[in-house]
Protein chains: 2
Amino acid sequence: MKVIEQEVPVSFNYNVYFTRGLFERDNSLFSDIIAKASPEVARKVLFIIDSGVTEHHPGLPEQIKGYAEAYEDHFRMVPELQVIPGGEEAKNDPDIVGQLHEAVNRANLDRHSYIAAVGGGAVLDTAGYAAGTAHRGIRLVRIPTTVLAQNDAGIGVKNGVNAFGKKNFLGTFAPPFAVLNDASFLQTLDHRDWRSGISEAVKVALLKDAAFFEFLEEQATALNNRDEEVMDHLIYRCAELHMQHIATSGDPFEMGSSRPLDFGHWSAHKLEQLTDYNLRHGEAVAIGLALDCIYSTLAGMLSEEECRRILRMLKAAGFRLFTPELSNRTDEPENPASIFYGLEEFREHLGGELTIMLLEGIGKGREVHEVDFDLYREAIAELKLFEEQCIEV
Amino acid sequence: MKVIEQEVPVSFNYNVYFTRGLFERDNSLFSDIIAKASPEVARKVLFIIDSGVTEHHPGLPEQIKGYAEAYEDHFRMVPELQVIPGGEEAKNDPDIVGQLHEAVNRANLDRHSYIAAVGGGAVLDTAGYAAGTAHRGIRLVRIPTTVLAQNDAGIGVKNGVNAFGKKNFLGTFAPPFAVLNDASFLQTLDHRDWRSGISEAVKVALLKDAAFFEFLEEQATALNNRDEEVMDHLIYRCAELHMQHIATSGDPFEMGSSRPLDFGHWSAHKLEQLTDYNLRHGEAVAIGLALDCIYSTLAGMLSEEECRRILRMLKAAGFRLFTPELSNRTDEPENPASIFYGLEEFREHLGGELTIMLLEGIGKGREVHEVDFDLYREAIAELKLFEEQCIEV
């Protein structure tokens, strides 16, 4: 038997830019990054916009058209903008990806054309999947408009939509051409969306950067009061830590089983589902982090003092840290209505041995492969008590 | 303005194995490659089979089931096999990919499960697209059953289906987990399919390996007479050259504009379309190669003697080198019915400047960016004459 061994090295390069007023005429950033990649010809750009964004910025489509006119030597806007529903609806509606493919076809885009997606994480995921599969990948410029999208969901290498009731059942790994974080979009976020992205920053700080956690701890109240400068720093540092992780993890396309950034996420995913997505992802993550910190302490890994600091920080940022679904059927881990069933779903998702990340100290995670349900029940009870005490105060 | 620069290096590794009787019980290759990747647990494998293959091998599904039973400690076959239409129909039917996704869902496959696709290039492309997009990529074992799939279409990093009347409108770059070339499938190919894969071997030999061309030249008649040993060598060397090219081209995911292996392909693609796909890809490529060799000679790049050797080799392998569609509307290059319109379509596909590969000598290509239509008309006339003379003899 003969064998040919193949190794295909591929390197993906993209920049994440931080700006304000992206489509104001005197901001040439968008035009520059397109023109730089193909100076010889003005490439086509199809815009896909989150309906939540056009609601808060009804003038945006016109502004983009004006911008495109001003820079028509550098890129050609496809006249027909695509506005798609914001939030999980973008990922749940099985027709949207097909509609976007049709738009790509009508506009005769090719692999050197661009899709510019403006919106929250769900819209970026949906537009990204359409872009990643049309002509085996049209260049995608992501313009995330929420905190969560700017510091986490919008800067990575994945896309996806839901199918068969399963989150991200369809998707690809497809690094973007560029990401443009425009801080001015954050001003119009409703408060839950403003806050929602903070928990992912807390998570990555707890795993990777104690000094960043101290910053978040000091600034938690300022964040809750919508201090934009503090938020700018949070987003920048969180994006940077996420990107370093993707670049250096050794497994950016997740071919193995380990998901070292999924701290607090096994219960967060389950809580989103158990609350019918009434909890936003970031809100569920805050609860998941709090729970796993208490568990880490009960398991003798994390000091009580550090655990308290983390819980207090999350409360100061305005997060609710308990929800009744946490106490669902905790005596029946095999019941899909039990929070503990989330562990099994998490294991299935990883496709192998259960691996969850816990905390040894602020800035230092530790992976474990089994859990003690009694200890988790105790952790849930403690979290409930903590939340009740906070509300009383 | 702040910028974070991201570089994500990803390395894809896969082997191409050459075997016979893949699903005979004493051939443990298939089981071994699965078991080696996950010794701790028997992973699920969903089989997708080309209806053309089950037609010639009606016992194959039962054979695979028996094989799976024999190796059940190493992998678990999903009981429900998927048989999908062979040939371009697999890529044209918009429902098939959805059906395959449903099968993935029903079987609860995850990213550590496998799809094993058995068939010609079109079925591998379709199954590959379904595998590449479910859960952001289920491991794909390609089992190509035609010459073309074993030496070219089945060993690379792409997949795709047709949409909106455009070839490969949907697809991704997704290297396989492994490729298993089973030579016994070739015995039942009809003669056009047997021959069809030879032209891609001629192409890659002409561009990269003069000694391989000499082998093909010597063995052309043997190939036409279905000498299996000669075909084994053709497939192995052609696969090896293709894989070397993918690994070392510097652009395996085709982010740039150059397509250096597309020698003879601008007219081949157009001829497939102009003949309503009555010409198989490999048959069209043989004509495209002949045409571009004559043109290279008329343009003063290639010696007349080398050009003759190439034409004679293709004839000895049994290829028809002229088809009336070549002479369509050659005075109207902008007419979509003209063969020359294929140049514009090729340029559009590349998304930039026209770049076509011609020949300087056997084993040595040269890219050009413009063509002389008069010279091409002359080349077409010469090719027609050559074919007529061959038929007379």
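The rules behind the values
- Residues numbered from 1 in each chain as written.
- Chains lettered and ligands numbered in written order.
- Predicted model: local features only at pLDDT ≥ 70, side-chain atom pairs only at ≥ 80, totals over all residues.
- Heavy atoms only, no water.
- Patch = residues over 30% accessible without salt bridge, like charges linked within 9 Å, V, L, I, M, F, W, Y side chains within 5 Å.
- Areas by Shrake-Rupley, 256 points an atom, 1.4 Å probe, with all protein chains shown as cover.
- Salt bridge = Lys/Arg side-chain N within 4 Å of Asp/Glu carboxyl O.
- Lys, Arg positive; Asp, Glu negative; His and termini not counted.
- Charge placed at Lys NZ, Arg CZ, Asp CG, Glu CD.
- Helix = DSSP H or I, 4+ residues; strand = E, 2+ residues; numbered from the N terminus.
- Buried < 20%, exposed > 50% of the residue type's maximum accessible area, 1.4 Å probe, protein only.
- Axes fitted to C-alpha atoms, helices over the stretch in contact; angles between N-to-C directions.
- Parallel < 35°, antiparallel > 145°, perpendicular 65-115°, else oblique.
- Left-handed = near helix turned anticlockwise from the far one by under 90°.
- Contact = heavy atoms within 4.5 Å.
- pLDDT = per-residue confidence, 0-100.
- Pairing = 2+ DSSP bridges.
- Least-squares fit on C-alpha atoms with pLDDT ≥ 70 in both.
- Buried area = accessible area lost by both parts, 1.4 Å probe.
- Polar contact = N/O pair within 3.5 Å; in protein donor to acceptor, adjacent residues only side chain to side chain.
- Nonpolar A, V, L, I, M, F, W, Y, C, P; charged D, E, K, R; others polar.
- 1 Å grid on protein atoms, 1.4 Å probe; cavity = no way out; pocket = protein on both sides within 12 Å on 5 of 7 lines; lining within 4 Å.
- Points joined across faces, edges and corners; volume = space filled by probe spheres on them.
- Phe/Tyr/Trp six-rings, centres within 6.5 Å; stacked < 30°, edge-to-face > 60°.
- UniProt positions renumbered as here; feature names shortened; annotations may be inferred.

1. Some points on a negative patch on the surface
Turning to step 1, where the next piece is worked out: Taken together, the side chains of Glu304, Asp372, Glu378 and Glu382 of chain A define an acidic patch exposed on the protein surface.
Turning to step 2, where the next piece is worked out: Structurally, Glu382 of chain A is set in helix 16 (residues 373–392).

2. Describing unusual backbone geometry
All names here are of chain B.
Turning to step 1, where the next piece is worked out: If you check the backbone angles, His135 has positive phi at about 50° while not being a glycine.
Turning to step 2, where the next piece is worked out: Residue His135 is classed as buried on the basis of its relative accessible area, which comes to 18%.
Turning to step 3, where the next piece is worked out: Phi is positive for Phe164, close to 55°, though the residue is something other than glycine.
Turning to step 4, where the next piece is worked out: Assignment of secondary structure puts Phe164 in the loop between strand 7 (161–163) and strand 8 (166–170).
Turning to step 5, where the next piece is worked out: Judged by relative accessible area, which is 37%, Phe164 ranks as partly exposed.

3. Examining the packing of helix 9 (residues 198–208) of chain B against helix 10 (residues 210–224) of chain B
When two helices pack together, their arrangement is given by the angle between their axes and by how far apart the axes lie.
All names here are of chain B.
Turning to step 1, where the next piece is worked out: One way to put it is that helix 9 packs onto helix 10 with a least axis distance of 7 Å and a crossing angle of 155°. The orientation of helix 9 relative to helix 10 falls into the category roughly antiparallel. In this structure, the crossing between helix 9 and helix 10 has a hand that is left-handed. Contacts between helix 9 and helix 10 involve Ile198, Ala201, Val202, Val204, Ala205, Leu206 and Lys208 from the first element and Ala210, Phe212, Phe213, Leu216 and Leu223 from the second.

4. Section: the confidence of the model for chain A
Turning to step 1, where the next piece is worked out: When pLDDT is averaged along chain A, the result is 95, and 99% of the positions lie at 70 or above.
Turning to step 2, where the next piece is worked out: What the predictor reports for the complex is a pTM of 0.95 with an ipTM of 0.94.

5. Focus on the pairing of strand 6 (residues 139–144) of chain A
Residues and elements named next belong to chain A.
Turning to step 1, where the next piece is worked out: With six of six residues buried, strand 6 is to be regarded as a mostly interior element.
Turning to step 2, where the next piece is worked out: Pairing of strand 5 (residues 114–119) with strand 6 involves six bridges; the strand directions are parallel. Considered in strand 6, the bridge of Val118 is made with Ile143.
Turning to step 3, where the next piece is worked out: In the sheet, strand 6 pairs with strand 9 (residues 178–182) via two bridges, with the strands oriented parallel. Counterpart to Val141 in the pairing with strand 9 is Ala178.

6. What to know about the relation of the copies chain A and chain B
Turning to step 1, where the next piece is worked out: For the pair chain A and chain B, the relating rotation is 180°, the translation along its axis is 0.0 Å, and the fit reaches an RMSD of 0.0 Å. Both copies of the chain, as the preceding transformation shows, are related through a two-fold rotation axis. Proximity to the rotation axis, assessed at the C-alpha, singles out Val10 of chain A in chain A; its C-alpha lies 2.7 Å from the axis.
Turning to step 2, where the next piece is worked out: Comparing contact sets, 100% of the residues at the interface of chain A also lie at the interface in chain B, consistent with an isologous, same-surface contact.

7. What about the side chain of Lys270 of chain B?
Turning to step 1, where the next piece is worked out: Inspection of the secondary structure puts Lys270 of chain B in helix 12 (residues 265–274).
Turning to step 2, where the next piece is worked out: Dropping the residues within four chain positions of it, Lys270 of chain B is found in contact with Pro336, Ser338, Ile339, Tyr341, Gly342 and Glu345 of chain B.

8. Topic: the interface of chain A and chain B
Turning to step 1, where the next piece is worked out: Counting from both sides, the interface comprises 63 residues of chain A and, opposite them, 63 residues of chain B.
Turning to step 2, where the next piece is worked out: Summed over both sides, the interface between chain A and chain B buries roughly 5900 Å², with carbon and sulfur atoms accounting for 55% of that surface.
Turning to step 3, where the next piece is worked out: By the criterion of area lost to chain B, the three top residues of chain A are Ile4, Gln6 and Arg136 of chain A, representing 15% of everything that side buries.
Turning to step 4, where the next piece is worked out: Along the contact surface separating chain A from chain B lie zero salt bridges.
Turning to step 5, where the next piece is worked out: At the surface where chain A touches chain B, the tally comes to 27 residue pairs in polar contact (both at pLDDT 80 or more).
Turning to step 6, where the next piece is worked out: Mapped onto the side of chain A that touches chain B, the elements with two or more residues apiece are strand 1 (2–19), helix 5 (96–106), helix 6 (121–133), strand 8 (166–170), helix 11 (228–248) and helix 15 (341–350) of chain A.
Turning to step 7, where the next piece is worked out: Of the residues belonging to the side of chain A that touches chain B, the class tally is 29 nonpolar, 20 polar and 14 charged.

9. Side note on empty space enclosed by the protein
All names here are of chain B.
Turning to step 1, where the next piece is worked out: Under the counting rule described, the total for this entry stands at two cavities of 30 Å³ or more.
Turning to step 2, where the next piece is worked out: Reported here for the second largest cavity is a volume of approximately 30 Å³.
Turning to step 3, where the next piece is worked out: Residue lining of the second largest cavity: Arg20, Ala183, Leu186, Trp194, Glu228, Met231 and Asp232, and that is the complete set.
Turning to step 4, where the next piece is worked out: No other element matches helix 11 (residues 228–248), which puts three residues into the lining of the second largest cavity.
Turning to step 5, where the next piece is worked out: In the lining of the second largest cavity, the residues fall into four nonpolar, no polar and three charged.

10. Remarks on the packing of aromatic side chains
Turning to step 1, where the next piece is worked out: Tallied over the full model, the rule gives 40 aromatic pairs over all chains.
Turning to step 2, where the next piece is worked out: Pairing Tyr67 of chain A with Phe75 of chain A gives two aromatic rings, centres 6.3 Å apart and planes at 35°, and the pair type is tilted.
Turning to step 3, where the next piece is worked out: Look at Tyr67 of chain A and you get buried, because its relative accessible area is 0%.
Turning to step 4, where the next piece is worked out: Aromatic side chains Trp266 of chain A and Phe340 of chain A sit 6.4 Å apart centroid to centroid with 25° between the ring planes, which places their arrangement in the stacked category. On the criterion of sequence distance, the pair formed by Trp266 of chain A in helix 12 (residues 265–274) and Phe340 of chain A in the loop between helix 14 (304–316) and helix 15 is long-range, its members being 74 residues apart.
Turning to step 5, where the next piece is worked out: For Phe340 of chain A, a relative accessible area of 1% gives the class buried.
Turning to step 6, where the next piece is worked out: An aromatic cluster is defined as three or more aromatic residues linked by ring pairs; in this entry it consists of Phe12, Phe173 and Phe253 of chain A together with Phe12, Phe173 and Phe253 of chain B.

11. Quick notes on the UniProt feature "domain: 3-dehydroquinate synthase N-terminal" (unreviewed entry) in chain A
Turning to step 1, where the next piece is worked out: Those places that UniProt annotates as "domain: 3-dehydroquinate synthase N-terminal" (unreviewed entry) correspond, in this numbering, to residues 83–195 of chain A.
Turning to step 2, where the next piece is worked out: Regarding residues 83–195 of chain A, the helix share stands at 36% and the strand share at 24%, and the terminal C-alpha atoms are separated by 25 Å.

12. Some thoughts on the environment of Met357 of chain B
All names here are of chain B.
Turning to step 1, where the next piece is worked out: Looking at the element boundaries, Met357 is found in strand 10 (residues 356–361).
Turning to step 2, where the next piece is worked out: In this structure the C-alpha to C-alpha distance between Met357 and Pro260, which are 97 residues apart in sequence, comes to 6.3 Å.
Turning to step 3, where the next piece is worked out: Dropping the residues within four chain positions of it, Met357 is found in contact with Leu207, Pro260, Phe263, Asp292, Gly365, Arg366 and Glu367.

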